[in-house]
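Observations on the three-dimensional arrangement
In case you want the letters, here they are:
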Amino acid sequence: ISGFNEKELLGTESLKIVLPEDRDRVRNNAIQMLKGDRHVPYEHRVVTKSGEIRWIIETVTSIHYKNRRAVLGYFMDHTEHERAKEALSLSEDKFRKAFRSSPDWFVISTLEDGFYIDVNEAFLHTTGYSREEVIGHTSTELGIWAQPEDRIEMTKVLKEQGAVRNLEARFRTKSGDIRHVLWSAEVIDYGEEKCLIAVTR
């Protein structure tokens, strides 16, 4: 993992390969674990021989080695997990920005009943509703679908196929105006419930 050979490591301080910013934290965590005050592995970063930074999960325990007190350390490469977490966080951040700033309506609602979980500013601006009037209420309560039977049919298609693309529909705003729209949606797992994320143009 480190890229160093045995000769390069033997006789050097074990913190040598730890990223300098993490050394104090690693030392403190190791001391706590050796004293029995910490029982869960700790994470830190190491710098490989080639200069790459990798994430490590480490545990240490006190042992006797060649008639001397010593520390036995076990560390596991955790880099790919950390990179996946970072990529997921970046992806979620991009989604949030796209959701909020899109000129199209973005909506997350429950599949079965149509309870609004989240909507973007474009939805609120065009329909004339406030966020408080929408979140926790259903599209049926608000009369969003000018033809409620369209939503019933759409729900059947989503349950069978998982997605709908460019469905022509008519939506009613708070003022009663009718908007002709193209509606696309996909079923997603949100918590423990089947929901849909929909975009309306």
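Structure: above.
Residues numbered from 1 in each chain as written. Predicted model: local features only at pLDDT ≥ 70, side-chain atom pairs only at ≥ 80, totals over all residues. Heavy atoms only, no water.

In this section: the nonpolar core. Formed by 23 residues in total, the largest nonpolar core has its most connected members in Phe123 and Trp183. Looking at this core, the elements that each hand over two or more residues are strand S4 (105-110), strand S5 (116-119), helix H4 (121-127), helix H7 (148-161), strand S6 (163-172), strand S7 (178-190) and strand S8 (193-200). Listed in part, the 7 residues of the second largest apolar core include Leu15, Val18, Val26 and Met33. (Core = buried A, V, L, I, M, F, W, Y, C linked by side-chain atoms within 4.5 Å. Buried < 20%, exposed > 50% of the residue type's maximum accessible area, 1.4 Å probe, protein only. Helix = DSSP H or I, 4+ residues; strand = E, 2+ residues; numbered from the N terminus.)

Topologically, serine 175 is positioned in the loop between S6 and S7. Only 3.1 Å separates the side chain of serine 175 from the side chain of threonine 173, close enough to count as a polar contact. In this structure the side chain of serine 175 is engaged in a polar contact, spanning 3.3 Å, whose partner is the side chain of aspartate 177. (Polar contact = N/O pair within 3.5 Å; in protein donor to acceptor, adjacent residues only side chain to side chain.)

Turning our eyes to something else, we now look at unusual backbone geometry. Look at lysine 66: it is not a glycine, yet its phi comes out positive at around 55°. Looking at the secondary structure, you find lysine 66 in the loop between strand S2 (53-65) and strand S3 (68-77). One non-glycine residue, asparagine 67, lies in positive phi territory at about 65°. Topologically, asparagine 67 is positioned in the loop between S2 and S3.

The relative placement of two aromatic rings is captured by the distance of their centres and the angle of their planes. Per the stated rule, a full pass over the model turns up 7 aromatic pairs. Note on phenylalanine 99 and phenylalanine 106: the rings are 5.7 Å apart at their centroids and 45° apart in plane angle, and the pair reads as tilted. Through successive ring pairs, a cluster of aromatic residues spans Trp105, Tyr116, Phe123, Trp145, Phe171 and Trp183. (Phe/Tyr/Trp six-rings, centres within 6.5 Å; stacked < 30°, edge-to-face > 60°.)

Here the focus is the side chain of glutamate 58. By the element assignment, glutamate 58 lies in strand S2. One buried charged residue, glutamate 58, remains without a salt bridge, the closest side chain of opposite sign being arginine 25 at 9.4 Å. Beyond its immediate sequence surroundings of up to four residues, glutamate 58 is in contact with Val26, Pro41, Tyr42, His44, Tyr74 and Phe75. (Lys, Arg positive; Asp, Glu negative; His and termini not counted. Salt bridge = Lys/Arg side-chain N within 4 Å of Asp/Glu carboxyl O. Contact = heavy atoms within 4.5 Å.)

Summed over all chains, the structure comprises 19 salt bridges. With a shortest N-O distance of 3.9 Å, aspartate 93 and arginine 96 are connected by a salt bridge. On the criterion of helical spacing, the pair formed by aspartate 93 and arginine 96 is a turn pair, its members being 3 residues apart in helix H3 (residues 79-101). A relative accessible area of 45% places arginine 96 in the partly exposed class. A salt bridge links arginine 131 to glutamate 121; its shortest N-O distance comes to 3.4 Å. Separated by 10 residues along the polypeptide, arginine 131 in helix H5 (residues 131-134) and glutamate 121 in helix H4 bring together distant segments of the chain. Given a relative accessible area of 25%, arginine 131 falls into the partly exposed group. Under the relative-accessibility criterion, glutamate 121 is labelled partly exposed at 46%.

Turning to empty space enclosed by the protein, a few remarks are in order. The gaps of empty space that remain are located by a probe, the size of a water molecule, rolled over the atoms. Under the criterion given, the structure shown has 1 cavity of 30 Å³ or more. Contributing to the lining of the largest cavity are 16 residues, with Val107, Tyr116, Ser139, Trp145 and Trp183 lying nearest its centre. For the lining of the largest cavity, the secondary-structure elements that each account for two or more residues are S4, H7 and S8. (1 Å grid on protein atoms, 1.4 Å probe; cavity = no way out; pocket = protein on both sides within 12 Å on 5 of 7 lines; lining within 4 Å. Points joined across faces, edges and corners; volume = space filled by probe spheres on them.)

Another aspect to go through is the sheet that holds strand S1 (residues 42-47). Within the open sheet, the 3 strands sit side by side as S1-S2-S3. Their pairing is antiparallel. Taken across any chain shown, the strands that pair with only one partner, and hence form the sheet edges, are S1 and S3. Adjacent strand axes in the sheet meet at a mean angle of 50°, parallel and antiparallel pairs treated alike. As judged from the 6 bridges shared by S1 and S2, these two strands associate in the antiparallel manner. By the bridge assignment, valine 47 is partnered in S2 with isoleucine 53. Contacting S1, S2 and S3, helix H2 (residues 23-35) crosses the sheet at an angle of about 35° to S2. Along the sheet face, H3 touches S1, S2 and S3 and points at about 145° away from the line of S2. (Pairing = 2+ DSSP bridges. Axes fitted to C-alpha atoms, helices over the stretch in contact; angles between N-to-C directions.)

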